[in-house]
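# Survey of secondary and tertiary structure
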Amino acid sequence: ALFLYTAKRTGLDPLLKQIHCVKRWNAKEQRETMAIQTGIDGYRLIATRTGELAGIDDAEFTEGEGLPATASVTVWRIVKGVRCAFKATARWKEYCQTTKEGAPMQMWRKMPYLMLGKCAESLALRKAFPAELSHIQTDDEMQQADNPAVVITAEAQAEVAAIDAKVKEVM
């Protein structure tokens, strides 16, 4: 019922694969839970239908070690007659879907710039159109949700605590 309500609210058609349900393991709840997702084209369609989308700039990248480290996209929206920019940045380490060994999955290996660029565009579209795009994520953004859990060592926790202490000193 929630899925059909969301499809109707967004005007996306499940039969055209514009919106769909995905089951994911929720470690906190120890069970599979439903996520409602769309592709980047679904986001673009919703934004276009508002009549206020005023352009989407191409993604700009910073380079990592042979892969993009970040992707930034600016979405333009007409707000009270003024063309306004909404920029967002996606980071490779936060969005790349990986194997158990930590290697990028097939699509992320094959088209790393495209994949990270779509994540940045999704973030920027959601910033520009929050009422229309809230509570629905794109597939590209959510692929990392299936990544293996990261084990945080005692050493890593100590490093974080030391950084936090330094930040508090400065402030």
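You'll find the structure just up there.
Residues numbered from 1 in each chain as written. Predicted model: local features only at pLDDT ≥ 70, side-chain atom pairs only at ≥ 80, totals over all residues. Heavy atoms only, no water.

## Brief notes about the pairing of strand β2 (residues 31-38)
By the bridge criterion, 8 bridges tie strand β1 (residues 19-26) to β2 in an arrangement that is antiparallel. For W25, the partnering residue across the bridge sits in β2 and is E32. In textbook terms, the turn of a hairpin is the stretch between consecutive antiparallel strands, and for β1 and β2 this stretch comprises 4 residues, one of which, Q30, has a positive phi near 55 degrees. (Pairing = 2+ DSSP bridges. Helix = DSSP H or I, 4+ residues; strand = E, 2+ residues; numbered from the N terminus.)

## Thoughts on unusual backbone geometry
Unusually for a residue other than glycine, Q30 sits at a positive phi of about 55 degrees. Considering the arrangement of structural elements, one finds Q30 in the loop between β1 and β2. Notably, K80 is not glycine yet its phi reads approximately 50 degrees, a positive angle. The topology assignment puts K80 in the loop between β5 (68-79) and β6 (82-91). A residue is classified by how much of its surface remains accessible, and K80, at 84% relative accessible area, is exposed. (Buried < 20%, exposed > 50% of the residue type's maximum accessible area, 1.4 Å probe, protein only.)

## Remarks on helix α2 (residues 40-49)
Structurally, the α-helix is built with 3.6 residues per turn, so residues lying three or four positions apart point the same way. For α2, the full list of buried residues reads I40, G42, Y43, I46 and A47. One face of α2 carries all of its buried residues, which in axial projection span an arc of 160 degrees. Count one or two residues on from α2 and you reach G51, which has phi positive near 75 degrees. (Arc of directions from axis to C-beta.)

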